[in-house]
Amino acid sequence: MDIFSKIAAGEIPSYKCAESEKFYAFLDINPLQKGHTLVIPRREVDYVFDMDDDEIGEYMQFAKKVAVALKRAFPCVKVGMAVLGLEVPHAHIHLVPMQSEKDMLFSNPKLKLTEQEFQDIAQKIRDEFAKL
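Structure report, in brief. (Residues numbered from 1 in each chain as written. Predicted model: local features only at pLDDT ≥ 70, side-chain atom pairs only at ≥ 80, totals over all residues. Heavy atoms only, no water.)

Let us now look at the pattern of salt bridges. Throughout the structure, instances matching the rule amount to six salt bridges. The residue Lys16 makes a salt bridge to Glu19 at a minimum N-O spacing of 2.7 Å. Relative accessible area serves as the criterion here: at 30%, Lys16 is assigned to the partly exposed category. With relative accessibility at 37%, the residue Glu19 sits in the partly exposed group. Among the salt bridges present, the one from Glu19 reaches Arg42, with a minimum N-O distance of 2.5 Å. Separated by 23 residues along the polypeptide, Glu19 in strand 1 (residues 16-19) and Arg42 in the loop between strand 3 (37-41) and helix 2 (53-73) bring together distant segments of the chain. (Salt bridge = Lys/Arg side-chain N within 4 Å of Asp/Glu carboxyl O. Buried < 20%, exposed > 50% of the residue type's maximum accessible area, 1.4 Å probe, protein only. Helix = DSSP H or I, 4+ residues; strand = E, 2+ residues; numbered from the N terminus.)

This is the structure in structure tokens:
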């Protein structure tokens with residue numbers, strides 16, 4: 001079981017933002033911006049494009065709902081989406097609130113947030129997700 005599967009299973013703590021039977025969203029612990037969220041399938045799959053068409057469609061619909069909640073919780077111009085996936089062998093989408101394209105530069109310094117800040121951010125996103 002990889003690290004993201006352990007997170008989705010609750011074996012490793014995370015700042016949960018949203019979940020369904022098939023997908024899980026949680027805060028990136030090295031965020032580019034407040035609200036930087038990772039969306040993963042619960043099923044272990046290394047590469048997003050290895051998913052079958054139905055599954056990737058459901059994955060994107062779930063990610064869209066998380067992005068809507070994220071934008072409501074952290075008003076921004078747009079929520080950026082990146083699929084990188086080289087650092088962890090488990091498909092994941094980065095959702096990042098953006099005021100400009102510079103907010104999506106992964107070479108930018110990461111934010112240093114407190115435990116309470118992470119908890120508050122995740123709660124805001126959960127609250128907005130529950131309204132959808």
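Right, let's get into the nonpolar core. Core analysis: the biggest nonpolar cluster contains 29 residues, and Leu27, Val39, Phe62, Val66 and Ile125 have the highest contact counts within it. Of the residues forming this core, the biggest block, nine residues, is contributed by helix 2. Residues within four places of Val66 in sequence aside, it is in contact with Ala18, Ala25, Thr37, Val39, Leu95 and Phe129. Of all hydrophobic cores here, the second largest spans eight residues; its members include Phe4, Ile7, Tyr24 and Val88. (Core = buried A, V, L, I, M, F, W, Y, C linked by side-chain atoms within 4.5 Å. Contact = heavy atoms within 4.5 Å.)

Attention now goes to the environment of Lys65. Assignment of secondary structure puts Lys65 in helix 2. In sequence terms Lys65 and Ala82 are 17 residues apart; their C-alpha atoms lie 16 Å from each other.

Okay, the packing of aromatic side chains next. Summed over all chains, the structure comprises seven aromatic pairs. Linked through ring pairs, Phe23, Tyr59, Phe62 and Phe129 together constitute an aromatic cluster. Above the face of the Phe129 ring, Lys65 is positioned so that its terminal group lies 4.7 Å from the ring centre. (Phe/Tyr/Trp six-rings, centres within 6.5 Å; stacked < 30°, edge-to-face > 60°. Lys NZ or Arg CZ within 6 Å of the ring centre and 35° of its normal.)

Counted by the stated rule, this structure contains zero disulfides. Left unpaired, Cys17 is separated from the closest cysteine sulfur, that of Cys76, by 14 Å. By relative accessible area, Cys17 is classed as buried at 1%. (Disulfide = S-S within 2.5 Å.)

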